[in-house]
Amino acid sequence: MAWNEPGGDKDPWGSGNRGSNSPPDIEQMLKRFKERFSGRGDGGGSGGGDGAGGKGPIMGAAVVILGIIVALWVASGFYVVDEREQGVVLQFGAFSRVTQPGLRWHIPWPVEKVETINVTEIREASDRTLMLTEDENIVEVELRVQYRISDVQNYLFNVRNPDETLQQATKSSLREIVGQNNLDFVLVDGRAQVANLTLDRLQDILTDYGTGLFVTNVNLTDARAPAQVQDAFLDAIKAREDRVRLVNEAESYANDRIPSARGNAAREVEQAEGYRERVIARAEGDASRFGQLVTEVRRAPEITRNRLYLDTMTEVMNNTSKVLVDIDDSGSLMMLPLQEMLRGMGSGSTSDSKGSSAPPILGGGGSNSFGGRSNTNDARSRDRERR
């Protein structure tokens, strides 16, 4: 019976008037399905012409179904490679080619298979272990490595486990670099240099093994002494830091004092040169005056001698407050305290200092001050004659 035949409540598999609640007979359904595709149905007893006429639609349906299956199989070969990825096509399990980002097609399974690998992702690996330095000290080092895939073919086929290989190569490279340097270099002075040397050595190993990995960064995150001797190492590091600080302070003090000392030295030199020039000029001037004086002495010795005497006495008397008394009368001479009186007069009023004269000197014999003008003139005349 055709499926679209009107009337009746028979199902297409010929279940008859079974109740809606009764389960279908599986064996009967399989039998009827087999008879339909073998050319036998409800009218199986008819002639061979009817059987041949029933095979045409069946073959057409089979061709359609086969076409749909082939179309779906071909369509399953399309795939998309992301811009951060590369596709690796495997043909019967062996490497065939590498495909770039975009919409791609390959022969569907089981002929070819595609694996997409992210080649821009930065992967990370870390390791922390105890190592022996060149000076036979134990140091605990933690290293962090960042890497990415640079060659997908080598990454998939050259090494069984590239990431595990990188872990082992990192340990080997770090042990080699640490073993070639002393403890102070690893802990303080050369931490960045240790990381750079480890990166170079690690990349050489990965390239030699053909892992297809590229190391982008190696960071020495921690380097310390073992916990058993950590306090002693901290004290040693603090002492080293104090030494550096004191050296810096001393250099700062030296940089402050040395320019000042150099400036003072330059100033002293300039003053000494000025003094030398001044003394030389004065000496040359004195020598010139002495030469001129010798010439004048040779021309008029008496006049020159008297002039020198008067100039000298004038210079001496201008700097003293003494009073010279020249008197011939005999008798006692009482001198007043002129120094104190002159000092008192200097501190007195202006009118008194202008209106008063030199204090009187009292002498014996009732003589007047300075022994009279005539006696003073006679004494000066006698003094000139003695000269």
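Owing to the predicted nature of the structure, the values given are computational and were not obtained by experimental measurement.

Conventions and cut-offs
- Residues numbered from 1 in each chain as written.
- Predicted model: local features only at pLDDT ≥ 70, side-chain atom pairs only at ≥ 80, totals over all residues.
- Heavy atoms only, no water.
- Helix = DSSP H or I, 4+ residues; strand = E, 2+ residues; numbered from the N terminus.
- Contact = heavy atoms within 4.5 Å.
- Areas by Shrake-Rupley, 256 points an atom, 1.4 Å probe, with all protein chains shown as cover.
- Axes fitted to C-alpha atoms, helices over the stretch in contact; angles between N-to-C directions.
- Parallel < 35°, antiparallel > 145°, perpendicular 65-115°, else oblique.
- Nonpolar A, V, L, I, M, F, W, Y, C, P; charged D, E, K, R; others polar.
- Left-handed = near helix turned anticlockwise from the far one by under 90°.
- 1 Å grid on protein atoms, 1.4 Å probe; cavity = no way out; pocket = protein on both sides within 12 Å on 5 of 7 lines; lining within 4 Å.
- Points joined across faces, edges and corners; volume = space filled by probe spheres on them.
- Expected span 1.5 Å × (residues − 1).
- Buried < 20%, exposed > 50% of the residue type's maximum accessible area, 1.4 Å probe, protein only.
- Arc of directions from axis to C-beta.
- Salt bridge = Lys/Arg side-chain N within 4 Å of Asp/Glu carboxyl O.
- pLDDT = per-residue confidence, 0-100.
- Pairing = 2+ DSSP bridges.

Asker: Would you mind going over the overall build of the protein with me for this structure?
Answerer: Broken down by element type, the protein carries 11 helices and 10 strands. Long-range pairs, those at least 24 residues apart, make up 61% of the contacts in the protein between residues at least 6 apart in sequence. Total accessible area on the protein is roughly 27,500 Å²; 53% of this is exposed by carbon and sulfur atoms.

Asker: What am I meant to see in the environment of Gly 77 here?
Answerer: Examined against the element boundaries, Gly 77 turns out to sit in the loop between helix H2 (48-75) and strand S1 (78-81). Excluding anything up to four places from it in sequence, Gly 77 contacts Arg 104, Trp 105, His 106 and Pro 108.

Asker: So what exactly am I meant to see when it comes to the packing of helix H7 (residues 230-299) against helix H8 (residues 301-318) here?
Answerer: The description of two helices packed together rests on the angle between their axes and the distance between the axes. Across the interface, H7 lies against H8 with an axial gap of 5 Å and an inter-helix angle of 125°. The angle between the axes of H7 and H8 places the two elements in the oblique class. Touching Leu 293, Glu 296, Val 297, Arg 298 and Arg 299 of H7 are Pro 301, Thr 304 and Leu 308, all from H8. Partitioning the contact of H7 with H8 into residue classes produces 4 nonpolar, 1 polar and 3 charged.

Asker: I would appreciate a short explanation of the packing of helix H4 (residues 162-179) against helix H6 (residues 191-209) in the present structure.
Answerer: Viewed as axis vectors pointing N to C, H4 and H6 meet at an angle of 135°, and their least axial separation amounts to 9 Å. Comparing their axes, H6 and H4 come out oblique. Crossing handedness for the pair H4 and H6: right-handed. On H6, the residues that touch Thr 165, Leu 166, Ala 169, Thr 170, Ser 173, Leu 174, Glu 176 and Ile 177 of H4 are Val 194, Leu 197, Thr 198, Arg 201, Leu 202, Ile 205, Leu 206 and Tyr 209. Grouping the amino acids of the contact of H4 with H6 by side-chain chemistry returns 10 nonpolar, 4 polar and 2 charged.

Asker: Looking at this structure, I do not really get empty space enclosed by the protein. What am I missing?
Answerer: Regions of empty space are outlined by a rolling probe, equal in size to a water molecule, passed over the atoms. Here the structure, examined in full by the defined rule, presents 1 cavity of 30 Å³ or more. Within this model, the largest cavity holds a volume of roughly 30 Å³. Residue lining of the largest cavity: Ala 125, Ser 126, Asp 127, Val 145, Gln 167 and Thr 170, and that is the complete set. At the level of secondary structure, the elements contributing two or more residues to the lining of the largest cavity comprise strand S6 (123-132) and H4. If you tally residues by element for the lining of the largest cavity, the top one is S6, at 3 residues.

Asker: Sorry if this is basic, but what is going on with H4 here?
Answerer: The α-helix winds at 3.6 residues per turn, so residues separated by three or four positions along the chain end up facing the same way. Over its 18 residues, H4 extends 25 Å from the first C-alpha to the last, a length consistent with the 26 Å expected when each residue adds 1.5 Å. Of the positions making up H4, those classed as buried are Pro 162, Thr 165, Leu 166, Ala 169, Thr 170, Ser 173, Leu 174, Ile 177 and Val 178.

Asker: Please explain H6 as it appears in this structure.
Answerer: Here H6 spans 27 Å end to end across 19 residues, near enough to the 27 Å set by a 1.5 Å rise per residue. Where H6 is concerned, the buried positions are Val 194, Ala 195, Thr 198, Leu 199, Leu 202, Gln 203, Ile 205 and Leu 206. All buried residues of H6 lie within an arc of 160° about the axis, which places them on one face of the element. Facing away from the buried side of H6 by over 90 degrees, the exposed positions are Thr 207 and Asp 208. Looking at the packing, one finds that the buried side of H6 touches strand S7 (138-149), H4, helix H5 (183-189) and strand S8 (213-224). One or two steps after H6, the chain reaches Gly 210, where phi turns positive at roughly 65°.

Asker: So what exactly am I meant to see when it comes to the pattern of salt bridges here?
Answerer: When their charged atoms lie close together, side chains carrying opposite charge are able to pair. Inspection of the entire model under this criterion finds 17 salt bridges. The salt bridge involving Arg 84 is made with Asp 82; its shortest N-O contact spans 3.3 Å. Residue Asp 311 is joined to Arg 307 by a salt bridge in which the shortest nitrogen-to-oxygen separation is 4.0 Å. Residue Asp 311 and its partner Arg 307 are both found in helix H8; the two are separated by 4 residues, about one turn of the helix. Of the residues examined, Asp 311 reaches a relative accessible area of 44% and is grouped as partly exposed. Several salt bridges share partner residues, and in doing so they unite Glu 124, Arg 128, Glu 140, Glu 142, Arg 144 and Asp 222 into one network.

Asker: I'm lost on the confidence of the model for the protein in this one. Help?
Answerer: Caution applies to low-pLDDT parts of the model: their predicted coordinates are not meant to be read in detail. Scored by pLDDT, the protein comes out at a mean of 74, with 68% of its residues at no less than 70. Every residue in residues 1-23 is under pLDDT 50, and counting partners more than four places away or in other chains gives 16 contacts. Under a pLDDT of 50 for its full length, residues 40-52 has, in the predicted model, 5 contacts with residues more than four places off or in other chains.

Asker: How do you make sense of the pairing of strand S2 (residues 85-91) when you look at a structure like this?
Answerer: A regular strand places its side chains on the two faces of the sheet in alternate fashion. When you tally the buried positions in S2, you get 5 out of 7 residues, the bulk of the element. As judged from the 7 bridges shared by S2 and strand S5 (residues 112-118), these two strands associate in the antiparallel manner. Bridge pairing in S5 places Leu 90 opposite Lys 113. The pairing of S2 with strand S3 (residues 94-99) spans 5 bridges and is antiparallel. For Gly 87, the partnering residue across the bridge sits in S3 and is Thr 99.

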